[in-house]
Structures are given as C-alpha cells and as structure tokens.
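The primary structure of each chain is shown beneath.
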Amino acid sequence: MQATHIDTDSRLLQLLNNANALLAVGEVEGGMTLLVDGLQDLRSSLPPEAWRSACGDCLAHPIRNTVHQDPLTRRAFHKPRGYAGDAVTIDYYYGHWDGLLDDVTPLGMRLLSFVSAHPAAQAVRYRRDYIARVLDAEARRKPLRALSVASGHVREAHHCQALRTGGVSELVALDQDPESLALVASTFAGLPITPLRARIRDLLPGKLELGSFDLVYSLGLYDYLERDTARTLTERLASMLAADGLLVLANFLPEMPASGYSESFTDWPLVLRTQAEMEALTTNLDASRFVTHSERDPWSAVTYLTVRRRA
C-alpha cells in the first residue's frame, strides 16, 4: 500500500512538473493536453480517497498559479455565487465574454481558448443548442408554454426561432439567483420569457403552483442532485406536463472528458450518471401515461433523458 501511494505521488508530480514546464515556455496546447489527459487517466486508476488526496496535491503545486490565469478555471474554483457552475461560468463556455475579460492575462486568454474548445466545453454548447432545437420542434407541434428549471442566463433563447415567431407563448425561467434573472430580464426584454426566482424545493407539491407546461427542461441541475432528490424532482416535473407534453433532463456521464481537471483545479465535482441511472429516475412513473427515452451526445459526455406524457 505504501509503495502504491509513493508511485501515485511520483506519477502525479511528474505529470504536473512536465505540464508546467510546457506552459512556462508558451506551449499551451501541449501542456494543457498533457495535463487534462494525464489527470483523467489518473482519476480513472485511483480509488476515490486517493484521488481526493491527489486533487489536494494539484492545488499545492505551482502549476495552480498558471492554470488559474484562465478566468473560467479561476471563477469555478473561487465560486463567487456559492457554486462552481453559476451562469457566468457557463457563459465562458458559451463564448459570452463581454465584460468578463478585463483582468485576463495573455496566457489566461490562451488557456481560456483551450478550455473552451475542449470536448467537454463543446458538450456544454451542444446541450444549449440541443434544447433550442427541442423548443423549435415542439413549437411546430402546437403553441408552447415552457419551463426551464435552474435556467441560468437562458442562452438557448438566442438560438430558438420559436421565441421570436410566436411559437412559444411563454418560457418561465426559474432560478434561485437574482443576478442571473436580472440579466435574463434585460437581455430578452420583449420576448415571452418570464424570470421567476424560486428554489428547487419550491417545486415540491403544494409549495409553488405554476400550472401545466408543454415542455419542461433542466440542463445542468441534475449534475448536482443525489439520486432520491433527482427521482422526486423528476416525478414532480413529469406531473406538471400537459397532455403530449415533454420533459427533457440532461446529466453528465461518467465518461465525461476532463472530469479529472475539473475536480482538481476547479474543485467542481459533479454527480455523474449512466444512461441506465438516468432512466431509473422514472421507475415510479406510470408507463401507461409516460414514454421515456435516453440518448448520448456525440462525445459521450452528456446523456439526455426525455419523458413524454401520452396525449
């Protein structure tokens, strides 16, 4: 056991030293690729306790000062709104950088460009575009009332034609963060988007009655929910569907690329679920009333669970 611990320490130290040496001479692509891929391999080979110890060692290494020049990595780590994946952090992935780059170093910009081009970041943008396509497709079926749970900045609205052509009568953007909702209100003034400040527990039966919806979706919330909470919320959201309504839930998969880098240098652990584990959240739904389906994105980073209420 002691030898294994020493081997892990040596392997990690060599990885961090080599990656930092590349970054120090401006080899951002090579250094970050080595770092991200090496941490991913290390994470997959270690038991959870040893991996947590390795994450602490990462933060104690001088390379931390280098990678934290990336504003995305730095913001996720410091969590100014209390959690890593706030709407501003996600905007870095989306490329909504206005007002976010004032104190970024040239190296920090190169690091941000690398991180935001990584397959994990591509999966986040795909998730936004995926739900925009769903909004447009469902609006072609019938006039649409929709609910976004933990909506963030609702950036999918930029890519949804139905919001501008009358196909969506209302999109309720539910989030607990007043700053996010204030930006939603100012950004999408004139569109049928209703910001609503509420907590997830407010959605439990009898606490907040919002009526029925033709589409309910949540893109990033389930990555933070334990199984029982996720199952209870899934059942509640399904109960809010109108006839022929659709529920869409996204969750990162265990195969998510860059989870090693995310958990170490951004202190951003997620609840990762397989497709089977996502489907298990619907086991208490009446199969005569609901039809479920799941699929993966092109990078096997995110799984999408859909629940259709029968007409």
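This structure is a prediction, so every number in the text was calculated from the model and none was measured.

Caption draft 1: Fine view of the nonpolar core. Membership of the largest hydrophobic core comes to 70 residues, with the highest contact counts inside it found for Met32, Leu35, Leu39, Leu215, Tyr217 and Phe265. A total of nine residues in this core trace back to one element, the largest contributor, which is helix α8 (residues 119-141). Residues contacting Leu39, with those up to four places away along its chain left out, are Leu12, Leu15, Trp51, Cys58, Gly260, Tyr261, Ser264 and Phe265. In terms of nonpolar packing, the next biggest core, distinct from the first, is built from 26 residues, Ala198, Val216, Leu241 and Leu281 among them.

Caption draft 2: Fine view of the packing of aromatic side chains. Within this structure, the stated rule accounts for six aromatic pairs. For the ring pair Tyr126 and Tyr130, a centre distance of 6.3 Å and an interplane angle of 40° mean the geometry is tilted. Separated by four residues within a single helix, Tyr126 and Tyr130 lie in helix α8, roughly one turn from each other. Ring centres of Tyr261 and Phe265 lie 5.7 Å apart, and the angle between their planes is 35°; on these two criteria the pair is classed as tilted. Remark: Phe265 and Tyr261 occur in helix α12 (residues 259-265); sequence separation between them is four residues, near one turn of the helix. Here the two residues Tyr261 and Phe265 agree in accessibility, since each one is buried. Taken together, the ring pairs connect Tyr126, Tyr130, Trp299 and Tyr304 into an aromatic cluster. Taking the ring centre of Tyr94 as reference, the NZ or CZ of Arg128 above it sits at 4.9 Å. Directly above the aromatic system of Tyr126 lies the positively charged group of Arg133, at a separation of 5.3 Å from the ring centroid.

Caption draft 3: Structural detail: helix α7 (residues 106-117). Between the first and last C-alpha of α7 there are 17 Å, a value that for twelve residues agrees with the 16 Å anticipated at 1.5 Å per step. All of the buried residues in α7 are Gly108, Leu111, Leu112, Phe114, Val115 and Ser116.

Caption draft 4: Main features of the environment of Ala146. Considering the arrangement of structural elements, one finds Ala146 in strand β1 (residues 144-149). Given the relative accessible area of 0%, Ala146 is considered buried. Contact partners of Ala146, with chain neighbours within four places excluded, come to Leu135, Glu170, Leu171, Val172, Phe213 and Leu215.

Caption draft 5: Looking closely at the packing of α7 against α8. Where α7 contacts α8, the axes come no closer than 5 Å and their chain directions differ by 65°. Listed contacts from α8 to Val115, Ser116 and Ala117 of α7 are Pro119, Ala121, Gln122 and Arg125. The class makeup of the residues in the contact of α7 with α8 is four nonpolar, two polar and one charged.

Analysis parameters
Residues numbered from 1 in each chain as written. Predicted model: local features only at pLDDT ≥ 70, side-chain atom pairs only at ≥ 80, totals over all residues. Heavy atoms only, no water. Core = buried A, V, L, I, M, F, W, Y, C linked by side-chain atoms within 4.5 Å. Buried < 20%, exposed > 50% of the residue type's maximum accessible area, 1.4 Å probe, protein only. Helix = DSSP H or I, 4+ residues; strand = E, 2+ residues; numbered from the N terminus. Contact = heavy atoms within 4.5 Å. Phe/Tyr/Trp six-rings, centres within 6.5 Å; stacked < 30°, edge-to-face > 60°. Lys NZ or Arg CZ within 6 Å of the ring centre and 35° of its normal. Expected span 1.5 Å × (residues − 1). Axes fitted to C-alpha atoms, helices over the stretch in contact; angles between N-to-C directions. Nonpolar A, V, L, I, M, F, W, Y, C, P; charged D, E, K, R; others polar.

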